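Each chain, letter by letter, is given below.
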Amino acid sequence: MPEGGSSSLDQNTARTGPDILVEPWHVGQLLQTSAQPMELNSRLFQALLRTTRMAFVAFEPARCSMLCTAAARLWVQLAPEFPMLLFGRVPSAVALSASSQEDALNRTESAMLERSRAPVLKIRIRATFDPYAGRIELADLREFLLDKLTMAKIGRA
């Protein structure tokens, strides 16, 4: 954190305004490039699982704390930088009831989601979701995304 300043978490949770997430009105929007995070209901989450669309998703517990708001606000900043990724929010009820949740959450993560107040952040570059375990800060998330996307590009070469 900068000396005498506040962290990006504090700066982003201090902002107020309209809801920053959009709900796609049709499944086809999941496949399009978007510069704005999306809220995924059960139908859209299932559709995402059936696609190969790269995504960075927050699985949010029912009693989510300010970390969910902070993550969503940071995604508004990151989404235009990484248009190849779908930035999405998946409520815990949707994630836990999904028939193919094994593709997204393991048993430990599912149990943690039921008890936690923090989101479970995961990225999907290929077929599986990989967890993000760092701080919910702009610089840390940006570095994580750059590393994952660079590794994916190297893997295809």
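Everything numeric here is computed off the predicted structure, so don't read it as measured data.

Quick notes on the rules
- Throughout, a residue's number is its position along its own chain's written sequence, starting from 1.
- Thresholds applied to this predicted model are a pLDDT of at least 70 for local features of residues and 80 or more for the giving and counting of side-chain atom pairs; totals over whole chains, interfaces and linings are not thresholded and use all residues.
- With hydrogens and water stripped out, all remaining heavy atoms of the structure feed into the side-chain values.
- Note on terminology: disulfide denotes any pair of cysteine sulfur atoms within 2.5 Å.
- Partly exposed describes any residue whose relative accessible area lies between the buried limit of under 20% and the exposed limit of over 50%, with all areas from a 1.4 Å probe on protein chains only and scaled to the type maximum.
- Numbered from the N terminus, helices here are DSSP runs of H or I no shorter than four residues, and strands are runs of E no shorter than two.
- Here a residue-residue contact requires only that any non-hydrogen atoms of the pair lie within 4.5 Å.
- Polar contacts, as counted here, are pairs of nitrogen or oxygen atoms within 3.5 Å of one another; within protein the pair requires one atom able to donate a hydrogen and one able to accept it, and residues that are adjacent in sequence qualify only if both atoms are side-chain atoms.
- Here, nonpolar core means buried Ala, Val, Leu, Ile, Met, Phe, Trp, Tyr and Cys residues that are tied together by side-chain atoms lying within 4.5 Å of each other.
- As a per-residue measure, pLDDT tells how confident the predictor is, with possible values from 0 to 100.
- Only strands that DSSP links by at least two bridges are regarded as paired with each other.
- Whenever a helix is involved, its axis is fitted only over the stretch in contact; in every case the axis is a line through C-alpha atoms, and angles between N-to-C directions fall within 0 to 180 degrees.
- Only rings of Phe, Tyr and Trp enter the pairing, Trp through its six-membered ring, and a pair is recorded when the two centres are within 6.5 Å. The plane angle decides the type: under 30 degrees is stacked, over 60 is edge-to-face, the rest tilted.

Counted by the stated rule, this structure contains 1 disulfide. Covalently, C64 is tied to C68 through a disulfide, its sulfur atoms 1.4 Å apart. Because the sign of the S-S torsion sets the handedness, a value of about 80 degrees for the bond joining C64 and C68 places this disulfide among the right-handed ones. Its relative accessible area of 6% is what places C68 among the buried residues.

Where helix 2 (residues 42–50) is concerned, the buried positions are L44, F45, Q46, A47, L48 and L49. Its buried side turned inward, helix 2 meets strand 1 (38–39), strand 2 (55–60), strand 3 (86–91), helix 4 (92–97), strand 4 (120–124) and strand 5 (129–131). The backbone nitrogen of R43 has a side-chain oxygen 3.1 Å away, supplied by the residue at the start of helix 2, namely N41.

Within the largest apolar cluster, 22 residues are counted, with the highest numbers of intra-cluster contacts made by F56, L78, L85, F87, L121, L141 and L145. For this core, the secondary-structure elements that each account for two or more residues are strand 2, helix 3 (66–78), strand 4 and helix 6 (138–156). Ranked by the residues each element gives to this core, the list is headed by helix 6, at 6 residues. Apart from the residues within four sequence positions on either side, L145 is in contact with F56, L78, F82, L85, F87 and I123. Listed in part, the 19 residues of the second largest apolar core include L40, A55, V57 and A98.

Attention shifts here to the confidence of the model for the protein chain. In regions of low pLDDT, the predicted coordinates are not meant to be interpreted in detail. On average, the protein chain scores 77 in pLDDT, and the residues at 70 or more come to 73%. Here residues 1–21 scores under 50 on pLDDT; set against residues more than four positions off or in separate chains, the count is 31 contacts.

With that settled, the discussion passes to the sheet that holds strand 1. Hydrogen bonds between backbone atoms are what pair the strands of a sheet, whose relative direction is either parallel or antiparallel. Taken in spatial order, the 5 strands of this open sheet run 1-3-2-4-5, and their pairing is mixed. Of all strands in the sheet, those with a lone pairing partner are strand 1 and strand 5, marking the two edges. Sheet topology places strand 4 next to strand 5; 3 bridges connect them, and they run antiparallel. Across the sheet, the residue bridging to K122 is P131, located in strand 5. Strands strand 1, strand 2, strand 3, strand 4 and strand 5 of the sheet are contacted by helix 2, whose axis makes an angle of about 140 degrees with strand 2.

What follows is about the environment of L96. Here L96 shows up in helix 4. Separated by 17 residues in the primary sequence, L96 and L113 place their C-alpha atoms 8.7 Å from one another.

Each aromatic ring pair is summarised here by two numbers: the centre-to-centre distance and the angle between the ring planes. Applying the stated criterion across every chain, the model contains 8 aromatic pairs. Relative to F59, the ring of F45 lies with its centre 5.8 Å away and its plane at 80 degrees, an arrangement referred to as edge-to-face. Separated by 14 residues along the polypeptide, F45 in helix 2 and F59 in strand 2 bring together distant segments of the chain. What makes F45 buried here is its relative accessible area of 1%. According to the relative accessible area criterion, F59 is buried, its value standing at 0%. Ring centres of F56 and F144 lie 5.9 Å apart, and the angle between their planes is 40 degrees; this geometry places the pair in the tilted category.

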